[in-house]
Amino acid sequence: MSLPQVCVGYLTRRSPSGDLQVLLGRKKKGLGRGNIVGLGGKLEPGESAVEAMVREIEEESGLVVAASALTPLGLLTYLFPHREAWSQESSVFVCTQWSGTPRESDELNPVWFDVAALPVDEMWDDARHWLPGVLAGIPVRATYTFGPDLAKVVDPV
(Lines give C-alpha, C1' and ligand atoms only; values in the text may rest on other atoms or scores of the structure.)
Protein backbone atom coordinates (compact mmCIF):
# COMPACT_ATOMS: atom_id res chain seq x y z
CA MET A 1 0.00 0.00 0.00
CA SER A 2 1.33 3.39 -1.00
CA LEU A 3 0.97 6.15 1.59
CA PRO A 4 -0.06 9.73 0.77
CA GLN A 5 2.99 11.90 0.10
CA VAL A 6 3.59 15.16 1.97
CA CYS A 7 6.53 17.49 2.54
CA VAL A 8 7.77 19.61 5.43
CA GLY A 9 10.39 22.33 5.38
CA TYR A 10 12.38 24.18 8.00
CA LEU A 11 13.77 27.60 7.10
CA THR A 12 16.66 28.56 9.34
CA ARG A 13 18.56 31.78 10.00
CA ARG A 14 20.90 33.33 12.54
CA SER A 15 19.44 35.87 14.96
CA PRO A 16 21.26 39.21 15.47
CA SER A 17 22.96 37.60 18.49
CA GLY A 18 24.05 34.59 16.41
CA ASP A 19 21.53 32.03 17.67
CA LEU A 20 20.18 29.53 15.14
CA GLN A 21 16.45 30.06 14.57
CA VAL A 22 13.79 28.10 12.66
CA LEU A 23 10.52 29.31 11.14
CA LEU A 24 7.51 27.45 12.56
CA GLY A 25 3.83 28.25 12.98
CA ARG A 26 0.71 27.11 14.83
CA LYS A 27 -1.52 25.16 12.45
CA LYS A 28 -4.91 26.83 12.05
CA LYS A 29 -6.88 24.05 10.32
CA GLY A 30 -6.77 20.47 9.13
CA LEU A 31 -4.65 17.60 10.40
CA GLY A 32 -2.56 18.79 13.33
CA ARG A 33 -4.67 21.89 14.02
CA GLY A 34 -3.33 23.63 17.13
CA ASN A 35 0.15 22.11 16.86
CA ILE A 36 3.25 24.12 16.08
CA VAL A 37 4.55 22.79 12.76
CA GLY A 38 7.03 23.39 9.97
CA LEU A 39 5.87 24.67 6.60
CA GLY A 40 4.52 22.07 4.21
CA GLY A 41 1.64 19.95 3.06
CA LYS A 42 0.37 17.47 0.50
CA LEU A 43 1.91 16.91 -2.89
CA GLU A 44 -0.46 17.69 -5.76
CA PRO A 45 -0.86 15.12 -8.57
CA GLY A 46 2.29 15.00 -10.72
CA GLU A 47 4.20 17.28 -8.33
CA SER A 48 7.59 16.31 -6.89
CA ALA A 49 8.36 16.80 -3.20
CA VAL A 50 10.71 19.69 -4.08
CA GLU A 51 8.06 21.39 -6.26
CA ALA A 52 5.48 20.96 -3.50
CA MET A 53 7.87 22.39 -0.91
CA VAL A 54 8.53 25.53 -2.98
CA ARG A 55 4.77 26.00 -3.44
CA GLU A 56 3.85 25.30 0.19
CA ILE A 57 6.48 27.69 1.58
CA GLU A 58 5.10 30.50 -0.57
CA GLU A 59 1.45 29.67 0.21
CA GLU A 60 1.98 29.38 3.96
CA SER A 61 4.53 32.14 4.59
CA GLY A 62 4.75 34.38 1.52
CA LEU A 63 8.45 33.57 1.22
CA VAL A 64 9.95 32.64 -2.15
CA VAL A 65 12.42 29.75 -2.23
CA ALA A 66 14.33 28.38 -5.21
CA ALA A 67 14.17 24.61 -5.58
CA SER A 68 17.98 24.57 -5.59
CA ALA A 69 18.02 26.16 -2.10
CA LEU A 70 16.21 23.19 -0.53
CA THR A 71 18.40 20.58 1.15
CA PRO A 72 16.66 17.19 1.38
CA LEU A 73 17.37 15.74 4.82
CA GLY A 74 15.04 12.83 5.21
CA LEU A 75 11.99 10.73 4.80
CA LEU A 76 9.57 10.10 7.65
CA THR A 77 6.80 7.53 7.70
CA TYR A 78 3.87 8.23 10.01
CA LEU A 79 1.57 5.34 10.87
CA PHE A 80 -1.78 5.83 12.58
CA PRO A 81 -3.20 2.30 13.02
CA HIS A 82 -6.20 3.74 14.88
CA ARG A 83 -6.98 6.20 12.04
CA GLU A 84 -5.33 4.85 8.92
CA ALA A 85 -6.43 7.82 6.77
CA TRP A 86 -3.87 9.92 8.69
CA SER A 87 -0.90 7.69 7.77
CA GLN A 88 1.52 9.38 5.37
CA GLU A 89 5.10 9.67 4.18
CA SER A 90 6.87 13.02 4.53
CA SER A 91 9.93 14.35 2.70
CA VAL A 92 11.95 16.65 4.97
CA PHE A 93 13.83 19.74 3.77
CA VAL A 94 15.94 22.49 5.33
CA CYS A 95 16.55 25.85 3.67
CA THR A 96 18.77 28.83 4.52
CA GLN A 97 18.06 31.08 1.51
CA TRP A 98 14.80 32.76 0.49
CA SER A 99 13.39 36.15 -0.36
CA GLY A 100 10.60 38.11 1.26
CA THR A 101 9.26 38.62 4.76
CA PRO A 102 7.17 35.94 6.51
CA ARG A 103 3.46 36.76 6.66
CA GLU A 104 0.43 35.05 8.15
CA SER A 105 -1.67 32.78 5.91
CA ASP A 106 -4.91 30.89 6.36
CA GLU A 107 -2.80 27.84 7.34
CA LEU A 108 -0.50 29.34 10.00
CA ASN A 109 1.23 32.42 11.40
CA PRO A 110 4.99 31.95 10.91
CA VAL A 111 7.20 32.82 13.90
CA TRP A 112 10.96 32.45 14.43
CA PHE A 113 11.94 30.12 17.29
CA ASP A 114 15.41 29.59 18.75
CA VAL A 115 16.51 26.06 17.86
CA ALA A 116 17.98 25.72 21.36
CA ALA A 117 14.44 26.09 22.76
CA LEU A 118 12.24 24.22 20.26
CA PRO A 119 8.59 24.10 21.40
CA VAL A 120 8.48 20.29 21.11
CA ASP A 121 5.73 20.01 23.74
CA GLU A 122 3.44 21.91 21.35
CA MET A 123 4.48 19.97 18.22
CA TRP A 124 3.61 16.51 16.94
CA ASP A 125 5.17 14.04 19.40
CA ASP A 126 7.63 12.63 16.85
CA ALA A 127 9.41 15.99 16.40
CA ARG A 128 11.36 15.64 19.66
CA HIS A 129 12.95 12.45 18.28
CA TRP A 130 14.35 13.81 15.01
CA LEU A 131 13.91 17.58 14.51
CA PRO A 132 16.92 18.75 16.59
CA GLY A 133 19.17 16.44 14.56
CA VAL A 134 17.79 17.57 11.20
CA LEU A 135 18.28 21.21 12.19
CA ALA A 136 21.91 20.29 12.98
CA GLY A 137 22.24 18.82 9.47
CA ILE A 138 21.81 15.14 10.38
CA PRO A 139 19.67 13.25 7.83
CA VAL A 140 16.74 11.20 9.12
CA ARG A 141 14.88 8.18 7.86
CA ALA A 142 12.43 6.83 10.42
CA THR A 143 8.98 5.43 11.04
CA TYR A 144 6.76 6.65 13.87
CA THR A 145 3.64 4.81 14.97
CA PHE A 146 1.06 6.79 16.91
CA GLY A 147 -1.12 5.28 19.64
CA PRO A 148 -4.89 5.22 20.12
CA ASP A 149 -4.87 8.86 21.32
CA LEU A 150 -3.56 9.84 17.82
CA ALA A 151 -1.08 12.16 19.56
CA LYS A 152 1.68 10.13 21.25
CA VAL A 153 4.32 8.06 19.50
CA VAL A 154 4.23 4.47 20.73
CA ASP A 155 6.87 3.00 18.45
CA PRO A 156 9.72 5.23 17.25
CA VAL A 157 12.04 3.37 14.86
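Before going into details, it helps to say that this report is about the structure given with it. Note that residues are indexed from 1 along each chain, following the sequence as it is written. The predicted nature of this model means local features are confined to residues of pLDDT at least 70 and side-chain atom pairs, given and counted, to a pLDDT of 80 or more, with totals for whole chains, interfaces and linings taken over all residues. Side-chain descriptors were evaluated using all non-hydrogen atoms of the structure, hydrogens and water having been removed beforehand.

We now examine the layout of surface pockets. Regions of empty space are outlined by a rolling probe, equal in size to a water molecule, passed over the atoms. Cavity means a closed set of points on a 1 Å grid over the protein atoms alone, one where a 1.4 Å probe fits but cannot get out, pocket means an open set with protein on both sides within 12 Å along at least 5 of 7 lines, and lining means a residue has an atom within 4 Å of a point. Grid points are joined across faces, edges and corners, and a volume is the space filled by probe spheres set on the points. Taken as a whole, the largest pocket encloses approximately 810 Å³ of empty space. As for the largest pocket, its lining consists of 35 residues, of which Val6, Lys27, Leu31, Gly41 and Gln88 are closest to the centre. Under the scheme used here, helices are H or I runs from DSSP no shorter than 4 residues and strands are E runs no shorter than 2 residues, and both carry numbers assigned from the N terminus. Counting residues per element, the ones that place at least two in the lining of the largest pocket are β1 (5-14), β3 (36-37), β4 (39-42), α1 (49-61), β6 (88-95) and α2 (127-135). A per-class count over the lining of the largest pocket returns 19 nonpolar, eight polar and eight charged. As a volume, the second largest pocket reaches approximately 170 Å³. If you trace the second largest pocket, you find it lined by Gly32, Asn35, Trp86, Val120, Asp121, Met123, Trp124, Asp125, Arg128, Leu150, Ala151 and Lys152. Counted by class, the lining of the second largest pocket contains six nonpolar, two polar and four charged residues. Residues are grouped as follows: nonpolar covers Ala, Val, Leu, Ile, Met, Phe, Trp, Tyr, Cys and Pro; charged covers Asp, Glu, Lys and Arg; every other residue, Gly included, is treated as polar.

Attention shifts here to the pattern of salt bridges. Just to be clear on terms, a salt bridge is a Lys or Arg side-chain nitrogen sitting within 4 Å of an Asp or Glu carboxyl oxygen. Tallied over the full model, the rule gives ten salt bridges. Residue glutamate 104 is joined to lysine 28 by a salt bridge in which the shortest nitrogen-to-oxygen separation is 2.4 Å. Taken together, the residues glutamate 104 in the loop between β6 and β7 (108-114) and lysine 28 in the loop between β2 (20-27) and β3 connect sequence positions 76 residues apart. A residue is classified by how much of its surface remains accessible, and lysine 28, at 35% relative accessible area, is partly exposed. For arginine 128, the salt bridge identified is with aspartate 121, shortest N-O distance 3.2 Å. One network of salt bridges, in which partners are shared, links Glu44, Glu47, Arg55, Glu56 and Glu59. Only protein chains enter the area calculation, which uses a 1.4 Å probe; residues under 20% of their type maximum are buried, those over 50% are exposed, and those in between are partly exposed.

In this section: the packing of aromatic side chains. Only centres within 6.5 Å qualify two rings of Phe, Tyr or Trp (six-membered ring in Trp) as a pair; their planes then separate them into stacked at under 30 degrees, edge-to-face at over 60, and tilted for everything else. All chains considered together, the criterion is met by nine aromatic pairs. Measuring from ring centre to ring centre gives 5.6 Å for tryptophan 98 and tryptophan 112, while their planes differ by 25°; the resulting arrangement is stacked. Here the residue tryptophan 98 occupies a position in the loop between β6 and β7, and tryptophan 112 occupies one in strand β7, the gap between them amounting to 14 residues. Given the relative accessible area of 25%, tryptophan 98 is considered partly exposed. Taking relative accessible area as the criterion, tryptophan 112 reaches 19% and is therefore assigned buried. In textbook terms, an aromatic cluster arises when at least three aromatic residues are bridged by ring pairs, as seen for Tyr78, Phe80, Trp86, Trp124, Tyr144 and Phe146. For a Lys NZ or an Arg CZ to count as sitting over a ring, it must be within 6 Å of the ring centre and within 35 degrees of the ring normal. For arginine 83, the ring lying beneath its charged end belongs to tryptophan 86, and the centroid distance is 4.8 Å.

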